[in-house]
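Spelled out, the chains give:
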Amino acid sequence: MNFNVGIDFLVKENPVGAIFGDDEIDAVARVIRSGKTLAYGENRDRFEEAFAKYVGAKHCITTSSGTTALDLAVTILCLKEGDEVIATPQSFRATYLKLASKNITIKFADVFPDTLNMDPSTIEDKITERTKAIVIMDYAGNPNDMDAIMEIAKRHNLRIIEDAAHAPGASYRGRKVGSMADLTCFSFQSLKNMSLGGEGGAVTTDDDELAAAAEEIRAYGILGEKKERKEAAIGPYKPLRHIYDHASFSYTHDWTRIDEIGTNMRITEMQAAIGLAQLPKLDSFNDMRIAIAEKYNQAFNRVEGLGTLKVDPRDRCVYHLYPVFIDPEVLGVDLQGFIDYLQFEKRIQIILRFFPATVADYMVYQGHGLGESPVCEKIWFERQVNLPINPKMTDVEVAYVINSVTEAAEHFKNRK
């Protein structure tokens, strides 16, 4: 991913969000030297067990990416054209693409202006008899108001798909993200708080049936209904004995209804081995991010015209991102002017996340538009700035960002 915009930045967006070392290198080397399968095996099983235990879920099903984890969640719920979901407008397009490709109707809720997580009060007026699920995203690694959202879902018999790409290790009221929603989807892409070596994902759930469906679909499986034959045969041909083949149910069953057909979404043994090395370090990586965020918060909360992410003191936000919110009227500058000052004058790289889904091209094509989620849209276009945050940031870099943002605010206020 190339974030270069022609500026020699002093503080850059780091393309690797975790810290890698000899543990990860040795783990990959052991897999390669083992002579065992590199595709899927004991390391995958061990990582799934370890990650499920870490988040407090019954099942973990690994996938090739966070995107395929989200695709898997939509697929195993057998959502189809005519069904509706209520989704957050503040997320990356991966959250919605599988829904859009299946022509599932997406109704966008809105977000809180100081967390960018879904505002539960904007959900219920969008629920109809066709609504099947609520799709949320833990923005910046800050957990959603899960009690309120789960209560709405329970009252209307809806499933919850949680995009927790930002939130491995986050917790809500003492419960780890990954242990509450029907299906929680994680990403272990290069930028994330922990990685499986560039890509990787996982779905966690306590539902045995959903877990079984997920394991089936991630490896070419089929969901639907089938009828057992009286005799295991294909015409005159009987199953061959004592071999492995790809016959599946071809000798024994006939499908009477097919709902979904899977593909290959599996991780490699090298990815799983890296995950086993990274997972024990996740909490310390997150602690490093939290320490940086606390320094940012202490500084920016003292500056008139700046606002910081609201985090409930009972929760653990793991700060995959660090947004700061400007008040253009107080500062006397619009968002473009503030960002230009930080990038061109202070040489701090700014990457905004995420463009409101309601006005994104692929959603406008499907009939969405400006005004559907006014809070999300206003914050993104007028107030939101994502500052660099990464466990590898030095104290000097953190201090430079603090001083530069503070100086920018004062610069524009003095110019009014």
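Every chain is numbered on its own, with residues counted from 1 as its sequence reads. For this predicted model, a pLDDT threshold of at least 70 governs which residues receive local features, and a threshold of 80 or more governs which side-chain atom pairs are given and counted, while totals over whole chains, interfaces and linings are taken from all residues. Water and hydrogen atoms were dropped before computing side-chain values, which therefore reflect all heavy atoms in the structure.

> Before we move on, can you summarise the packing of aromatic side chains with the specific residues and values?
Paired rings are identified among Phe, Tyr and Trp, the last through its six-membered ring, by centres lying within 6.5 Å, and are further divided according to the angle between planes into stacked (under 30 degrees), edge-to-face (over 60) and tilted (the rest). The final tally for this structure, using the stated rule, is 18 aromatic pairs. When the centroid spacing of 5.8 Å and the interplanar angle of 25° are considered together, the rings of F47 and F51 count as stacked. One end of the pair, F47, and the other, F51, are both in helix α2 (residues 42-55), four residues apart, so they sit about a helical turn from each other. Residue classification places F51 among the buried residues on the basis of a relative accessible area of 0%. Here Y341 and F412 contribute two aromatic rings whose centre-to-centre distance is 5.5 Å and whose plane-to-plane angle is 70°, an arrangement assigned as edge-to-face. Placement of the pair is Y341 in helix α10 (residues 335-345) and F412 in helix α13 (residues 395-415), with a sequence separation of 71 residues. Only runs of H or I of at least four residues qualify as helices and only runs of E of at least two qualify as strands under DSSP, and these elements are numbered from the N terminus. Think of it in three bands: with a 1.4 Å probe and only protein chains considered, a residue is buried below 20% of the maximum accessible area for its type, exposed above 50%, and partly exposed in between.

> Give a description of the side chain of H253 that names residues and reports values.
By the secondary structure assignment, H253 is in strand β11 (residues 253-261). Using a relative accessible area of 18% as the deciding quantity, one classes H253 as buried. With near-sequence residues (within four places) excluded, H253 lies in contact with K226, K227, E228 and R229. It only takes one pair of heavy atoms within 4.5 Å for two residues to be counted as in contact.

> An account of the pattern of salt bridges is requested, with residue identities and associated values reported.
Definition used for salt bridges: Asp or Glu carboxyl oxygen within 4 Å of a side-chain nitrogen of Lys or Arg. Summed over the entire model, instances satisfying the criterion amount to 30 salt bridges. Its salt-bridge partner being K281, residue D23 comes within 3.1 Å of it at the nearest N-O pair. With a gap of 258 residues between them, D23 in helix α1 (residues 22-34) and K281 in the loop between α7 (269-278) and α8 (282-300) connect regions that are remote in the sequence. R314 is the salt-bridge partner of D312, the closest N and O atoms lying 3.0 Å from each other.

> How would you summarise the environment of T268 if you had to cite specific residues and measurements?
Mapping T268 onto the fold places it in the loop between β11 and α7. Sequence separation of T268 and E225 is 43 residues, and the distance between their C-alpha atoms is 30 Å.

> Break down a nonpolar patch on the surface for me, citing the residues and quoting the values.
Candidate patch residues must exceed 30% relative accessible area and have no salt bridge, after which like charges are joined if within 9 Å and Val, Leu, Ile, Met, Phe, Trp or Tyr side chains if within 5 Å. For every accessible area listed, the method is Shrake-Rupley and the probe measures 1.4 Å; residues are considered covered only by the protein chains on display. Together, F355, L370 and F381 give the surface a local cluster of nonpolar side chains, amounting to about 320 Å² of exposed area. With respect to the element layout, F381 can be found in helix α12 (residues 374-382). Here F381 falls in the partly exposed class, since its relative accessible area comes to 37%.

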